[in-house]
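Architecture at a glance
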Amino acid sequence: MNILVCLKQILDPEVPVRDFAIDASGLQADPACANQVTNIFCENALETALQLKDLHGGKITLLTLGPESAEDALRKGLAMKADEAYLILNDTEQLPDSAATAKALAAAIDKLDAFDLILAGRESGDWGAGQTGGLLAEELSLPFTAFVDQISLEGEERLVLRQQTDSGWKSFSSPKPTVASITNSDHNLPRIPKTRDIIMANRKPVTTWSLEELGISQDSFPTQETKARVRQLSIPEAKSDCEFIEGDSVEEKIEKLADKIAAIARAV
Amino acid sequence: MMDHSEATREVLWNISNGWIMYALLVPTAAIGIYGIWKRFQSWKQGLPAEGRLDNPGKRLRFLWQHALLQRRNMRQRFAGIFHAMIFWGFITLTIATTVVMIDHDFGIPIMKGAFYLYFQSLFVDVLGLLALVGVALAGYRRWKTKPTKLVYTDEASMILILVGIILATGFMLEGWRIVATNDPWGAWSPVGYATGIVSAQFFSVETLIQFHLWCWWFHLVLVFGFLAWAPYTKMLHPLTSALNIYAANLEPVGASLKTIDFEKAETFGVNALKQFTWKDLLDLDACTECGRCTDACPANTVGKALSPRDIILDLRGWLHEGADDEFKLIGSTDSLESDRLFECTSCAACVDACPVSIEQLPKIVDMRRFQVMEEAEFPETMQQAVNSLEERQHPYSGSQFSRADWMQELDIPHASETDDAEVLVWAGCGASLVERNQKSIRSLARLLKKAGVKFSVLGRDEKCTGDVARRIGNEFLFESLAKENIDNFKKHKVKKVVTACPHCFNTFRNEYPQLGADFETVHHSAYLGSLINEGRLKITVASERRIAFHDPCYLSRHNNLTEEPRDLLNSTSQVAMTELPRNRQNSFCCGGGGGMSFVDEPSDKRVNHERAREILNTDADTVAVGCPFCTTMMEDGINATKGDRKIEVREISELLDEACNGESNT
Amino acid sequence: MSDTNFKVITAAFSQDLNAATAGLLGAGQRLANDAGGTHIAICCGSIDSTLSTQISAFGDRVIAIDSEPLARAEPEAWLSCLRSISAQETPDAILLGNDTLSQEITPRLAHRLNGASIGDAQSVTIDDGAIVITRSVYGGKAIADIELTASPAVVWIRAQSMDPADKNAAPGTIETVPLNESADLQSHIIDTHDEVSEGERLEDAQIIVSGGRGLGGPEPFEELVSLAKVLKAQNAASRAACDLGWVPHSWQVGQTGCKVAPQLYLAVAISGASQHTMGIADSKAIAAINTDRDAPIFKHCQFGLVEDFQQVVGPLRDKLSDLL
Ligand SMILES: Cc1cc2nc3c(=O)[nH]c(=O)nc-3n(C[C@H](O)[C@H](O)[C@H](O)COP(=O)(O)OP(=O)(O)OC[C@H]3O[C@@H](n4cnc5c(N)ncnc54)[C@H](O)[C@@H]3O)c2cc1C
Ligand code: SF4
Ligand code: SF4
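Quick notes on the rules
Residues numbered from 1 in each chain as written. Chains lettered and ligands numbered in written order. Predicted model: local features only at pLDDT ≥ 70, side-chain atom pairs only at ≥ 80, totals over all residues. Heavy atoms only, no water. pLDDT = per-residue confidence, 0-100. Helix = DSSP H or I, 4+ residues; strand = E, 2+ residues; numbered from the N terminus. Buried < 20%, exposed > 50% of the residue type's maximum accessible area, 1.4 Å probe, protein only. Contact = heavy atoms within 4.5 Å. 1 Å grid on protein atoms, 1.4 Å probe; cavity = no way out; pocket = protein on both sides within 12 Å on 5 of 7 lines; lining within 4 Å. Points joined across faces, edges and corners; volume = space filled by probe spheres on them. Nonpolar A, V, L, I, M, F, W, Y, C, P; charged D, E, K, R; others polar. Near = heavy atom within 4 Å. Phe/Tyr/Trp six-rings, centres within 6.5 Å; stacked < 30°, edge-to-face > 60°. Lys NZ or Arg CZ within 6 Å of the ring centre and 35° of its normal. Domains from an automatic or database assignment. Axes fitted to C-alpha atoms, helices over the stretch in contact; angles between N-to-C directions. Parallel < 35°, antiparallel > 145°, perpendicular 65-115°, else oblique. Left-handed = near helix turned anticlockwise from the far one by under 90°. Expected span 1.5 Å × (residues − 1). Buried area = accessible area lost by both parts, 1.4 Å probe. Salt bridge = Lys/Arg side-chain N within 4 Å of Asp/Glu carboxyl O. Polar contact = N/O pair within 3.5 Å; in protein donor to acceptor, adjacent residues only side chain to side chain.

Details of the confidence of the model for chain C
All names here are of chain C. Scored by pLDDT, chain C has a mean of 90; 97% of the residues are at 70 or more. Across chain C, the secondary-structure element scoring lowest on mean pLDDT is helix α8 (residues 274–277), at 83, and the one scoring highest is strand β4 (residues 93–96), at 98. Our summary of model confidence lists the complex with pTM equal to 0.90 and ipTM equal to 0.91.

Spelled out as structure tokens, the structure:
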């Protein structure tokens, strides 16, 4: 099996609230407020691919779009024992939206060998849009399944993808090649790389492509492709103070508490 | 009055064909020396060990104290004393035999006169008796009281019986000779003399002469047999433990982990004998099977399977079996199961307890390294901590705090903002990212301000020192974190660091210098103490707390720092301190070191609960702690076990803050 | 501003008019009204099915489609169906719900229509003639207003949290469209499994009712279980409670337990030690019931009640079962 895994490097989602800050543009988080880490769902996707490779052999290729620092995410993936890595260098300050990202990824995939399976994370821990996988499938005119937590072979030509749904799961049969976005489950917890593999990964080549090399104009990226534009980004006022429910009687307090809980429960 | 200068005795009295003895000596020596040579060969397969033979003066002194004076051994009353009796007895007997040899074989007449009477007769006789009593006591323990820490093998029993018979027949030979020769100096060997007198009540002199002859050859065969056999048993330990004590780690225990050259090392960590150093392998042969390490081990004490003694003995088993290079140690026996290796809190109680300076902990860490770096197989929650260390340079995944939170409103300059700071205060992950401990570090900062100390911090630029990573076994991660911190210290020209975390303290003091760091580190208990001594801090309201101090392993055992915290605590209260039964170097771990803070121990096997029960058995109303891990662990343990008892866990700075300011809670 | 050509399509995949469908229709209707345009509601069923009739109260037009693959919720079938309807109707916005199918097809439909897509919208409005949605980003640490610059805007919304629609004065028309049934599906469903007990994984729970040592024993946990049932929530516990054997260790949340991210984490008689709160940092809202006003848990709470749980839990459950 020839598998491509799309990775994204994001701002550490565990950044403490007090450290979180918005940059000068006012439209994205300040990258200096925390470390950059690999998006967890992308790691789940890589783990899924690694398990398929462990079972059936084949090759795993990593692909990311990002600044130079995104190479770290690729190196970590290589340390987990992916075979090759490609970085589409985007050093504009401006974050691309999902549509622009999918276009760039698709252009890179076109340049590479044919794949049997293309995986992405279900969404990223920064913007959490969850659009890229589906858009990429459309760019490539391939079938797509979202929220997949297990993949198995069905003969030579097809794959079975298990989708986590609201109420359980569904299995899809899909012809190769296919695109899937991966969600976390208890059997795709990313493996811890071995130290020797980390050292080796630092010596492996990472191919860097400029957008130009993919036929995308650097100057107008991502603006030309963008279909969703951030108008404003704001930090909600941190209500660090707990609102203590007060009232004349216990009954009254319970009633107020129930209202608050019910409001949230209804929204779920 | 007889002339003392005449006193001596005839060597080889009653023995003809004495040449047979010399003839037997050849095969005995050959077998024995072959045994020793084989052991040497097996140690030589190990890697080089650095700095184990330097500084001979210091090493000889160390050897004198712990081998000859049996210092460490004597820490255990019963076993220590009988072992010393046997040990000194045999040393004396060996000297006496050498004297005979010099006198008889080399023809230098030294065995006469006062020397003969006082040493060769009286002293040797009395020490021989002590040795015999020692053997009897050892037998009593082995066959009667049977403590669990001992290893019960036929070999050990055989050795004890053999040694007993050799000593007893020695006295018989002496006694019978005295009676038969009517030795005028006989009474100078009281035990032998008494044996002779008693024997003469039952047997004629002729019979005793006959007995003497048979017994002499019997004794000789036993002694030679023993000498030939000993190098193949744990009775090699008089030699190996002496060598081992000579080659001991002279640095603090906290400096005993080795670095790895990642460019050159063939394997990271140890999973085969030849991946250990020769000193590690010598350690194995030095073990006397006394079991003190396992007895002291907190994990073992609370019912976990980890046993440092069994680790040493099982490794030795493979060494003796000549396990080949490919043989994988981890998982090869129960005691070498990976799970057990990850129960170790790195408290070093085992290292401290060992009478012959064996270093169990570094071997455990070596094998952990293999599991972590080569296999990536270790407890999942430790993996989470390691992952967090890689991604955000602290192990507390999920913490909602930033490293700058504790210093809010305290207005402390960053190291880059000031040139005239006397010290840099290093908070560490445990203090800044765990809510409870922010209180402690704030107390420390307030005290320093009150004393007018100019200090700075690194705040968000702090990265984990790497202690957790190193003890878990991820040396690679440790090294990279350490180098980043060292660079940062250099960049800010830091000369002196004060920290409230013994783990950071140990890492800075003992481990960073291995990687090129050059700054001084002080634990806050010592630093605050000096501020009081200099009069910069004054106690205004000494409390009425009865304080018991829980010594952190990384201060007491790893760094021999035990009095500074006590002096400080004593000054904060009008009431005398209480000592816990296990204190100072003998302190019992809180359970939080070695990455164990990131593992959920089974609820009936918690180290902190064991320690909490010990504390609750004293009359203390305050447990003073000097380590963020200890704070968490002791608070958790005390809360789970205290019932209605009123008792609080307080960090050293909090208590001092209270005594200097009359309040502590902010 | 009034644009009578403005069209909003809502597509409900559910077979009945549940809260999510009602919220979706409400959002569609309000958006259409804001623009002064038309709201077209699409549903699966025959023209005279109960569902289409019900829905016609909230849409200006209802397109009911009776098709077997659509009823089976085949993503590719819905994709081509919505695509052909949209090609016909050229809507400005297409709103979908927050079910798995909606989330899956949102980007694909947008791409096929050359439109823009976005998910998890908490509100959809028209501002200066542009469609702008609000959503929370960076794990809830920030809120973004995002303008969709291509048309149509395909958006899946948090349908359940939207207000339901008001009934129109007159029911909308119900029509149907012919479908090209022969289009075969490349990828198709081969098995469906609905879990009997909904969502067992604590990590995925939307509401969690958690208990601690302050409960004093295993019995009060039964009350928390029944409270959780009313809320369709999962139960969890502090380590202290697990250690005491009151509940299984799989319930443990925290540094050495499970890390959870529910919409609401209700901590009953839990003090809130750091080791515990490290497991609940990603919760959208935390609430606590505790007798101790100074318990650290309240520092992490949006709201809290200082009371003895014994007086609260029972009545709270009864009250909530009335409300929900
Ligand atoms: C290494 C390590 C790892 C740990 N990992 C975890 C972990 O993963 N998860 C975890 O939860 N803990 C963990 N802990 C334990 C943690 O430190 C706390 O001890 C534990 O969370 C306390 O549980 P609790 O809040 O239920 O109990 P307590 O701290 O005893 O709190 C009980 C609370 O109940 C309140 N209360 C009492 N009676 C009533 C009443 N009638 N009505 C209302 N409220 C009442 C009290 O005011 C109090 O606040 C860990 C500890 C260590 C040392
Ligand atoms: S270091 Fe401590 S926990 Fe580890 S084996 Fe030795 S005594 Fe046991
Ligand atoms: S390692 Fe040391 S303490 Fe442990 S059994 Fe051997 S000699 Fe005794």
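Now, onward.
Re the side chain of Gln438 of chain B
All names here are of chain B. Its place among the elements puts Gln438 in helix α18 (residues 435–450). Accessibility expressed as a relative area gives 10% for Gln438, which makes it buried. Once residues within four sequence positions are removed from consideration, Gln438 is found in contact with Phe401, Asp405, Trp406, Ala431 and Ser432.

A short note on empty space enclosed by the protein
Residue and element names in this part refer to chain B. Under the definition given, this model contains eight cavities of 30 Å³ or more. Taken as a whole, the largest cavity holds about 120 Å³ of empty space. Going through the elements one at a time, α17 (429–432), α19 (467–472), α21 (502–511) and α26 (628–641) are the ones with two or more residues in the lining of the largest cavity. Grouping the constituent residues of the lining of the largest cavity by class yields 10 nonpolar, four polar and one charged.

Description of the site of ligand 3
Residues in close proximity to ligand 3 total 13 residues, the closest being Cys287, Cys290, Gly291, Cys293 and Cys354 of chain B. Its residues placed into classes, the shell around ligand 3 shows seven nonpolar, three polar and three charged.

With respect to the packing of aromatic side chains
With the rule as written, the count across this model stands at 28 aromatic pairs over all chains. Here the aromatic rings of Phe211 of chain B and Trp214 of chain B are separated by 6.4 Å at their centres, their planes lie at 40°, and the arrangement is tilted. Of this pair, Phe211 of chain B and Trp214 of chain B both sit in helix α7 (residues 205–229), three residues apart, which is roughly one turn of that helix. Between the NZ or CZ atom of Lys260 of chain A and the centre of the ring of Phe303 of chain C, over which it lies, the distance is 5.3 Å. Looking at Arg293 of chain C, its charged tip hangs above the ring of Phe244 of chain A, at a distance of 4.6 Å from the centre.

A short note on the domain arrangement of chain C
Accessible area lost on assembly of the parts is the figure often given for the size of an interface. As assigned here, chain C comprises domain 1 (7–175) and domain 2 (202–323). Here the C-alpha centre of domain 2 of chain C lies 36 Å away from the C-alpha centre of domain 1 of chain C.

As for the site of ligand 2
Residue and element names in this part refer to chain B. Around ligand 2, a shell composed of 13 residues is seen, among which Cys297, Cys344, Cys347, Ala348 and Cys350 lie nearest. Those elements that place two or more of their residues in the shell around ligand 2 are α14 (349–353) and α15 (360–375). Tallied by class, the residues present in the shell around ligand 2 amount to 11 nonpolar, two polar and no charged.

Here's the deal with the environment of Ala32 of chain C
Residue and element names in this part refer to chain C. Positionally, Ala32 belongs in helix α1 (residues 19–35). Ala32 sits in the buried class, given a relative accessible area of 1%. The residues touching Ala32, leaving out its near neighbours within four places in the chain, are Val8, Gly37, Thr38 and His39.

Description of the packing of helix α22 (residues 524–533) of chain B against helix α27 (residues 652–661) of chain B
All names here are of chain B. Two numbers describe how α22 lies on α27: the axes approach to 10 Å, and their chain directions differ by 20°. When the axis of α22 is compared with that of α27, the two are roughly parallel. Two packed elements cross with a definite hand, and for α22 against α27 that hand is left-handed. Facing α22, whose interface residues are His524, Ser525, Leu528 and Ile532, α27 presents Ile652, Ser653 and Leu656. When its residues are assigned to classes, the contact of α22 with α27 shows four nonpolar, three polar and no charged.

Some thoughts on helix α1 (residues 40–56) of chain A
Residue and element names in this part refer to chain A. A rise of 1.5 Å per residue sets the reference length of α1, with its 17 residues, at 24 Å; its end C-alpha atoms lie 24 Å apart and thus fit the reference within 8%. Among the residues of α1, Phe41, Cys42, Glu43, Asn44, Ala45, Leu46, Glu47, Thr48, Ala49, Leu50 and Leu52 are the ones counted as buried. After α1 finishes, the residue Gly57 shows a positive phi value of roughly 75°.

Considering the packing of helix α4 (residues 113–145) of chain B against helix α5 (residues 154–181) of chain B
All names here are of chain B. Running from amino to carboxyl end, α4 crosses α5 at an angle of 145°, the nearest separation of the two axes being 10 Å. Viewed along their axes, α4 and α5 form a crossing whose handedness is left-handed. Contacts between α4 and α5 involve Tyr116, Asp125, Gly128, Leu129, Ala131, Leu132, Val135, Ala138, Gly139, Arg142 and Trp143 from the first element and Ala156, Ser157, Leu160, Ile161, Val163, Gly164, Leu167, Ala168, Phe171, Glu174 and Arg177 from the second. Classifying every residue of the contact of α4 with α5 gives 14 nonpolar, four polar and four charged.

Here's the deal with the interface of chain B and chain A
Between chain B and chain A, the contact holds 29 residues from the first and 19 residues from the second. Note on chain B versus chain A: buried area summed over both sides is about 1900 Å², and carbon and sulfur give 45% of it. Its largest share of buried area at the contact with chain A, chain B owes to Glu391, Arg392 and Phe476 of chain B, together 26% of the area lost on that side. Summed over the shared surface of chain B and chain A, the result is seven salt bridges. At the junction of chain B and chain A, the tally comes to 12 residue pairs in polar contact (both at pLDDT 80 or more). Broken down by element, the side of chain B that touches chain A gets its largest block of residues, six residues, from helix α16 (residues 380–392) of chain B.

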